[in-house]
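Here is what each chain is made of, one letter per residue.
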Amino acid sequence: MYEFVFDKIRIMFLTRNIVRLERMRKGKFCDSNTFFVPDRTAFEGWDGASLEEDEGVRRIVFGAFTLVVPAEGKSLAGIRLERAGRIVWRYRRLANTGELPLPGDTPEVFAVSDMPRILLPQGGYASSDRKTGGYRIDERAEDVYLLLCEKNARLLRRLYVALTGRCELVRLSTLGYWDSRYFAYDEEGAKQRILDYEAHDVPLDNIVIDTDWRAASDRGIGYDVNTKLFPDIQGYFGFAHAHGVEVMFNDHPEPVEGAKDLFDPAEVKYREEKLQGLMELGLDTWWYDRNWHTKLISPTPNVRPETFGMYLFEEITRNFYRKKAGRRGAYRRPVIMGNVNNVQNGLYTGEGDYRILDSASHRYSIQWTGDIASDYSAIGREVETLVRAGANCIPYINSDCGGHTGNPDRQTYLRWIQFGAFAPVLRPHCTKCVQRTREPWAYDKETLAIAREYIRLRYRLLPLIYSLAHESYGTGIPMFRALGFEYPEDRRACRETSEYLLGKEFLIAPVARFEQRPEAVGLRSEIGFLPEARDVYLPKGRWINVFTGKTYAGGRAHIVPCPVEQMPLFVREGALVPVAPDAQNTKQQLWNRLAFDYFPSEEAYCKGALAEDDGETTAYQDGEMRTCGYFSRFDRVENCYAVTFEAADGSFAGERACPQREIVLRIHLSAGRILRVRVNGKDAPYTVRKRDRTAFPFRFDGAAPDSDMAEIGVGFDVLKGAEVRIYCK
């Protein structure tokens, strides 16, 4: 049976693993979408439960679980969930929260409370389309959803985003490089800033114009453009777009005078008119920044203005692009930036005053951690925040890379860039009162050269990062993730927050100073902090330092030297990594030509998929995308390494939808071991690149620093795929 009603109590089975417990309010049950449960229609219901009634108690049995409901119950009090006679959950009044346990602490059952219960108008945040006439808030609702995750961290995230909503996949350009600083640009200076990146051969996809774009007080009020600085703002947007660069404006919004809260019709109309007016001129992205002096007014003390503000800015952005597309079909993906809900200038512990306070804020795209310092301790806090926030299904968390305040020396700056290159969003930023801003050429030629290499490396890895972003949209698992997601049986990996994974293939251990929190006792090395070495825990398997080629055994910690040009970056033995060509921006980088770097193993295998779409619109939600699987393994029958590029699944239209793919498969091993190579069953030639210890890892062309490489050219129809076999001594 799909639902059971006992007087004022309703038990609903949305799926086998999501059970809703609701108390009637004002004579009615609620079947509407709410702010915390935005799409009830996504659930068809599950009818596999049965009811058993004894004297004084009702038992709903489903699988290994039994939900016990007191017969006299008029509220949810007394309801409990049992498994094999053991209580695994008992009802208690529960406020909504966005904190999920780290993977190693995943319970059998996780409860999500839809309280306060906030009903939204069908037309969303739009002044001209309020079909139900307003918002309704019930602060006393008893409405709880049980996520039966059975101690499986991945399953918990999949259930959580299915219930509470998914974070929109960002545009591909969002994953490129950002230029950001608190600085009063004029129009010519902002143009020159873009040209400087081209002159220094540093990729750039986004530029931030901070609050001085407006003709207003220093408190950032109003939306009139400062025409003394930008006499032709539309022309500036056009210039940036012609160079492949998108523009973000910072906004510290002041509440509309006299508005009761941010849902007041006057507030909705004003904000919609002003934000969309600048987007009509060509602005790409809004940065919703907490105001220093005042805040948008939340209609309930139980949801902070940070979350409702992100909702406001994204809804207005979404509605604008939907209207531009004629309200039918795909439209441009709405990207905004806002503060992580209740991460206060880098302070986040997951507890008390420093925790994610609701289960809606994760739905909004770029979230930054506030005005942070620039020392090694600040890097450490940002690393741990990335790990913890990612576990809360916040995939695009990012820092003021380099620090909002302070004056890092060149070594500290490079450690920031290294971390940022392996973070969800790479956005260096600083305030006005610093000796140097955060552009890569602010120090010296050597610093520029090293920073450029890491920024380019990020661009070369975008096929992997973007594919993982697609995965995150569907599953809630972040691209950059806690070790415990992939190694749930490894107790130390599950407790580690000073390092993390990119997918399954890379382990990243940024050089930083980490606090000795109680849960970290035994995880930190006794060597203390050193700027050119750190302790790294590697989970099971064998791991290769991509700079030195040294292979490390997993299941233990190692002290890893890392001179300033290197970071502790490891690739898993057996990995197969897609690599794209260098490009000035993502609009220039097409994936019809790719390299795949293969680190062969007789024990480990790799299975992945390249996710492709137009990189810009929501068409992927209607199936307009494709995945191209790839698989590497050791074939013991034929005694060879086998790499398979599977036929594409799905399709989409546009410039990025290449029908043919040219791949260079690069095998990282001694060329003297290779006996022959076969492509699609036929003998094929290969070339040898000798190891160059001075090279940078994962260059699209050229040698590698870790080992010799054998390069095999493979061209194929993406609808057919290809297979390569490498026979070795």
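Structure shown above.
First, a word on scope: everything that follows refers to the structure included in this document. The shown structure was predicted, so the numbers you read here are calculated from the model rather than taken from an experiment.

Calculation rules
- Residues numbered from 1 in each chain as written.
- Predicted model: local features only at pLDDT ≥ 70, side-chain atom pairs only at ≥ 80, totals over all residues.
- Heavy atoms only, no water.
- Helix = DSSP H or I, 4+ residues; strand = E, 2+ residues; numbered from the N terminus.
- Rg over C-alpha atoms; globule rule 2.2 N^0.38 Å.
- Buried < 20%, exposed > 50% of the residue type's maximum accessible area, 1.4 Å probe, protein only.
- Contact = heavy atoms within 4.5 Å.
- Polar contact = N/O pair within 3.5 Å; in protein donor to acceptor, adjacent residues only side chain to side chain.
- Core = buried A, V, L, I, M, F, W, Y, C linked by side-chain atoms within 4.5 Å.
- Pairing = 2+ DSSP bridges.
- Axes fitted to C-alpha atoms, helices over the stretch in contact; angles between N-to-C directions.
- Parallel < 35°, antiparallel > 145°, perpendicular 65-115°, else oblique.
- Nonpolar A, V, L, I, M, F, W, Y, C, P; charged D, E, K, R; others polar.
- Disulfide = S-S within 2.5 Å.
- Phe/Tyr/Trp six-rings, centres within 6.5 Å; stacked < 30°, edge-to-face > 60°.
- Lys NZ or Arg CZ within 6 Å of the ring centre and 35° of its normal.

With that out of the way, let us pick up the overall build of the chain. Helix and strand counts for the chain come out as ten helices and 39 strands. On C-alpha atoms alone, the chain measures out to a radius of gyration of 26 Å, which is about the 27 Å that the 2.2 N^0.38 rule sets for 729 residues. Seen through its C-alpha atoms, the chain measures out along the principal axes to roughly 80 × 70 × 55 Å. Sorting the 729 residues of the chain into buried and exposed places 62% on the buried side. A separation threshold of at least 6 residues defines the contact pool for the chain, and within that pool the share at least 24 residues apart is 72%.

Turning to the side chain of glutamine 411, a few remarks are in order. Along the chain, glutamine 411 turns up in helix α7 (residues 410-421). Within the structure, glutamine 411 has its side chain in polar contact with the side chain of glutamate 532 (distance 3.1 Å).

This next bit is on the nonpolar core. With 170 residues, the main nonpolar core has Phe422, Leu665 and Ile726 as its most contacted residues. Look past the residues within four positions of phenylalanine 422 in its chain and what remains in contact with it is Leu457, Arg458, Leu461, Phe480, Tyr500, Leu502, Ile508, Met567 and Leu569. Of all hydrophobic cores here, the second largest spans 25 residues; its members include Leu76, Ile79, Val144 and Leu146.

This part takes up the pairing of strand β38 (residues 709-717). Across nine bridges, the pairing between strand β34 (residues 660-668) and β38 is antiparallel. Across the sheet, glutamate 662 pairs through a bridge with glycine 715, a residue of β38. Direction of pairing for strand β37 (residues 687-689) relative to β38: antiparallel, over a ladder of three bridges. Bridging across to β38, threonine 687 finds its partner in glutamate 711.

This brings us to the packing of helix α2 (residues 187-199) against helix α3 (residues 233-242). Contact geometry of α2 with α3 gives a least axis separation of 10 Å together with a crossing angle of 5°. Between α2 and α3, the angle is such that the two are roughly parallel. Contact residues: α2 offers Glu187, Ala190, Lys191, Ile194 and Leu195, while α3 offers Ile233, Tyr236, Phe239 and Ala240. Split into classes, the residues belonging to the contact of α2 with α3 amount to seven nonpolar, no polar and two charged.

With that out of the way, let us pick up the environment of histidine 243. By the secondary structure assignment, histidine 243 is in the loop between α3 and β15 (246-251). As a C-alpha pair, histidine 243 and arginine 93 span 150 residues in sequence and 54 Å in three-dimensional space.

Attention now moves to the sheet that holds β37. Ordered in space as β28-β29-β34-β38-β37, the five strands form an open sheet in which the pairing is mixed. Either end of the sheet is taken by a strand with one partner, and the two such strands are β28 (576-579) and β37. With direction set aside, neighbouring strand axes in the sheet form an average angle of 30°.

Attention now moves to the state of the cysteines. Disulfides are covalent bonds that link the sulfur atoms of two cysteine residues. Under the definition given, this model contains zero disulfides. Just so you know, cysteine 401 is unpaired, no disulfide at all, and the nearest cysteine sulfur is the one on cysteine 430, 11 Å from it. Among the cysteines around cysteine 728, which has no disulfide bond, cysteine 640 carries the closest sulfur, lying 8.6 Å off.

A word on the sheet that holds strand β20 (residues 480-481). Reading across the sheet, the six strands line up as β20-β21-β22-β27-β24-β25 and stay open at both edges, with antiparallel pairing between neighbours. On the outer flanks of this sheet lie β20 and β25 (551-553), each paired with one strand and no other. Across three bridges, the pairing between strand β24 (residues 542-545) and strand β27 (residues 569-572) is antiparallel. For tryptophan 543, the partnering residue across the bridge sits in β27 and is arginine 572.

With that settled, consider the packing of helix α6 (residues 376-391) against α7. Between α6 and α7, the least distance of the axes is 10 Å, while the angle of their chain directions is 10°. Taken together, α6 and α7 sit at an angle that is classed as roughly parallel. Residues Tyr376, Ala378, Ile379, Glu382, Val383 and Leu386 of α6 form the contact with α7, whose participating residues are Gln411, Thr412, Arg415, Trp416 and Phe419. Considered class by class, the residues forming the contact of α6 with α7 number seven nonpolar, two polar and two charged.

The next point concerns the packing of aromatic side chains. Per the counting criterion, the structure on display carries 49 aromatic pairs. Centre to centre, the rings of tyrosine 473 and tyrosine 620 are 5.3 Å apart; their planes meet at 80°, and the pair counts as edge-to-face. With tyrosine 473 in helix α9 (residues 462-475) and tyrosine 620 in the loop between β30 (606-612) and β31 (625-635), this residue pair connects regions lying 147 residues apart in the sequence. A residue is classified by how much of its surface remains accessible, and tyrosine 473, at 23% relative accessible area, is partly exposed. A residue is classified by how much of its surface remains accessible, and tyrosine 620, at 5% relative accessible area, is buried. Sitting over the ring of tryptophan 46, arginine 16 keeps its end group 5.9 Å from the ring centre. Cation over ring: arginine 656 sits above tryptophan 591, and NZ or CZ is 5.0 Å from the ring centre.

This part is about the environment of arginine 633. Along the chain, arginine 633 turns up in strand β31. Considered as a pair, arginine 633 and arginine 725 are 92 residues apart in the sequence and their alpha carbons are 9.9 Å apart. Not counting residues within four places of it along the chain, the set of residues in contact with arginine 633 comprises Tyr598, Tyr605, Cys640, Tyr641, Ala642, Thr644, Glu723 and Arg725.

For the rest of this paragraph, the subject is unusual backbone geometry. Cis geometry is found at the peptide bond from methionine 115 to proline 116, where omega equals 5°. On the secondary structure map, proline 116 appears in the loop between β9 (109-113) and β10 (117-119). Even without being glycine, aspartate 7 reaches a positive phi, approximately 60°. Along the chain, the position of aspartate 7 falls in the loop between β1 (3-6) and β2 (9-15). For aspartate 7, a relative accessible area of 45% gives the class partly exposed. Positive phi, normally seen in glycine, also occurs at lysine 151, with a value near 65°. Mapped onto the elements of the fold, lysine 151 is located in the loop between β12 (143-148) and α1 (153-164).

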